[in-house]
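Here is how the chains run, residue by residue.
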Amino acid sequence: MATETRTATDSTTITGRQWATGAVGGFVGSIPFGLLMMYVMPPPMLETVVPAMYGIEGPALASGWAIHQFHGVVLGLTYVALVEFGGLSTTARS
């Protein structure tokens, strides 16, 4: 009988491609939510509330979109880190 020996390592390396995929996914995923905030939610969320979180006064639609897209990218990168380091992977590792 053959015996296999596996060496388990806790260190995981995230490639540049995985980071880029997370950033692009976060950017693209935040577009529909931004449109929802812009056209469906009652107060002008995207043009006043989001910029106000960073001290930008008045209606500032371009700033609101830029901040919202930045948040999407950060959340996409956070998701990649959690999947690789936090054990959120859907595939079984042994």
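In case you missed it, the structure is sitting above this.
This structure is a prediction, so every number in the text was calculated from the model and none was measured. (Residues numbered from 1 in each chain as written. Predicted model: local features only at pLDDT ≥ 70, side-chain atom pairs only at ≥ 80, totals over all residues. Heavy atoms only, no water.)

(A) Spatial organisation of the overall build of the chain. Along its length, the chain carries 3 helices and 0 strands. Along the chain direction, N to C, the helices and strands of the chain fall in the order α-α-α. For the chain, the proportion of contacts with a sequence separation of at least 24, taken over those separated by at least 6, is 51%. With an accessible surface of roughly 6,900 Å², the chain has 66% of that area assigned to carbon and sulfur atoms. (Helix = DSSP H or I, 4+ residues; strand = E, 2+ residues; numbered from the N terminus. Contact = heavy atoms within 4.5 Å. Areas by Shrake-Rupley, 256 points an atom, 1.4 Å probe, with all protein chains shown as cover.)

(B) Representation of the environment of isoleucine 14. Relative to the elements of secondary structure, isoleucine 14 occurs in the segment before helix H1 (16–39). For the pair isoleucine 14 and valine 80, spaced 66 residues apart in sequence, the C-alpha to C-alpha distance is 8.3 Å. Residues contacting isoleucine 14, with those up to four places away along its chain left out, are Trp19, Val80, Ala81, Glu84 and Phe85.

(C) Main features of the packing of H1 against helix H2 (residues 45–52). Axis separation between H1 and H2 bottoms out at 8 Å; the angle between their running directions is 105°. The orientation of H1 relative to H2 falls into the category roughly perpendicular. Between H1 and H2, the contacting residues are Gly34, Met37 and Met38 on the first element and Met45, Leu46 and Val50 on the second. (Axes fitted to C-alpha atoms, helices over the stretch in contact; angles between N-to-C directions. Parallel < 35°, antiparallel > 145°, perpendicular 65-115°, else oblique.)

(D) Representation of a nonpolar patch on the surface within the structure. On the surface, Val24, Phe27, Val28, Ile31, Phe33, Leu35, Leu36, Tyr39 and Val40 cluster together to form a nonpolar patch covering roughly 850 Å² of accessible area. By secondary structure assignment, the location of isoleucine 31 is in helix H1. We classify isoleucine 31 as partly exposed; its relative accessible area is 34%. (Patch = residues over 30% accessible without salt bridge, like charges linked within 9 Å, V, L, I, M, F, W, Y side chains within 5 Å. Salt bridge = Lys/Arg side-chain N within 4 Å of Asp/Glu carboxyl O. Buried < 20%, exposed > 50% of the residue type's maximum accessible area, 1.4 Å probe, protein only.)

(E) Seen up close, helix H3 (residues 61–85). Here H3 spans 36 Å end to end across 25 residues, near enough to the 36 Å set by a 1.5 Å rise per residue. When we look at burial in H3, the residues that qualify are Gly64, Trp65, Ile67, His68, Gln69, Gly72, Gly76, Val80, Val83 and Glu84. On the buried face of H3, the contacting elements are H1 and H2. Within two residues after H3, glycine 87 carries a phi angle of roughly 80°, on the positive side. (Expected span 1.5 Å × (residues − 1).)

(F) Main features of the nonpolar core. In terms of nonpolar packing, the biggest core is built from 5 residues, these being Met37, Leu46, Val50, Trp65 and Ile67. Contributions of two or more residues to this core are made by H2 and H3. Those residues within four positions of methionine 37 in sequence are excluded, and the remaining contacts are Met45, Leu46, Val50 and His68. (Core = buried A, V, L, I, M, F, W, Y, C linked by side-chain atoms within 4.5 Å.)

(G) Layout of H1. Here H1 is 24 residues long and its end C-alpha atoms lie 35 Å apart, about the 34 Å a rise of 1.5 Å per residue gives. Maximal helix bending in H1 amounts to about 30°, located at isoleucine 31; proline proline 32 follows within four positions. In this fold, the buried residues of H1 make contact with H2 and H3. (Bend = angle between axes of the 7 residues up to and from the residue.)

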